[in-house]
Amino acid sequence: MRKYLFNGAILSAAVSAVSVINATRKGPRDWRLALMWASWGISVAIAVGTIIEDQKKPGDPAFQLVDS
């Protein structure tokens, strides 16, 4: 869980979420707002996908077999 919370891409998406939420509350409701939400969702999906791909690397100790 820590790898998700402290990742730079996730932190960036969290900060941009604040901007999108403020624009939703204060700004006009038009097609640009929908594009802002879509772009935020895509950036979160890319950030999570990048973290998952980084986990699958063979050098990651989380994915090494443990002898019991």
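Here the structure is a predicted model, which is why all the values come from computation and not from measurement.

A. Local environment of the pattern of salt bridges. According to the stated counting rule, one finds one salt bridge in the structure shown. For Asp-30, the salt bridge is made with Arg-32, and the minimal N-O distance between the two is 2.7 Å.

B. Summary view of helix 2 (residues 8–26). The terminal C-alpha atoms of helix 2 lie 27 Å apart, and with 19 residues this matches the ideal 27 Å at 1.5 Å per residue to within 8%. Looking at helix 2, one finds that the buried residues are Ile-10, Ala-13, Ala-17, Val-20 and Thr-24. On an axial view of helix 2, the arc spanned by its buried residues comes to 75°, and they lie on one face. Looking at helix 2, the residues exposed on the side facing more than 90 degrees away from the buried face are Gly-8, Val-15 and Lys-26.

C. Structural context of the packing of helix 2 against helix 3 (residues 31–55). It is at 10 Å that the axes of helix 2 and helix 3 come closest, and there the two elements cross at 165°. For the element pair helix 2 / helix 3, the angle class is roughly antiparallel. Of the two elements, helix 2 crosses helix 3, and the hand of that crossing is left-handed. Between helix 2 and helix 3, the contacting residues are Ala-9, Ile-10, Ala-13, Ser-16, Ala-17, Ser-19, Val-20, Ile-21, Ala-23 and Thr-24 on the first element and Leu-33, Met-36, Trp-37, Trp-40, Ser-43, Val-44, Ala-47, Val-48 and Ile-51 on the second. Of the residues that constitute the contact of helix 2 with helix 3, the class distribution is 15 nonpolar, four polar and no charged.

About the criteria used
- Residues numbered from 1 in each chain as written.
- Predicted model: local features only at pLDDT ≥ 70, side-chain atom pairs only at ≥ 80, totals over all residues.
- Heavy atoms only, no water.
- Salt bridge = Lys/Arg side-chain N within 4 Å of Asp/Glu carboxyl O.
- Helix = DSSP H or I, 4+ residues; strand = E, 2+ residues; numbered from the N terminus.
- Expected span 1.5 Å × (residues − 1).
- Buried < 20%, exposed > 50% of the residue type's maximum accessible area, 1.4 Å probe, protein only.
- Arc of directions from axis to C-beta.
- Axes fitted to C-alpha atoms, helices over the stretch in contact; angles between N-to-C directions.
- Parallel < 35°, antiparallel > 145°, perpendicular 65-115°, else oblique.
- Left-handed = near helix turned anticlockwise from the far one by under 90°.
- Contact = heavy atoms within 4.5 Å.
- Nonpolar A, V, L, I, M, F, W, Y, C, P; charged D, E, K, R; others polar.

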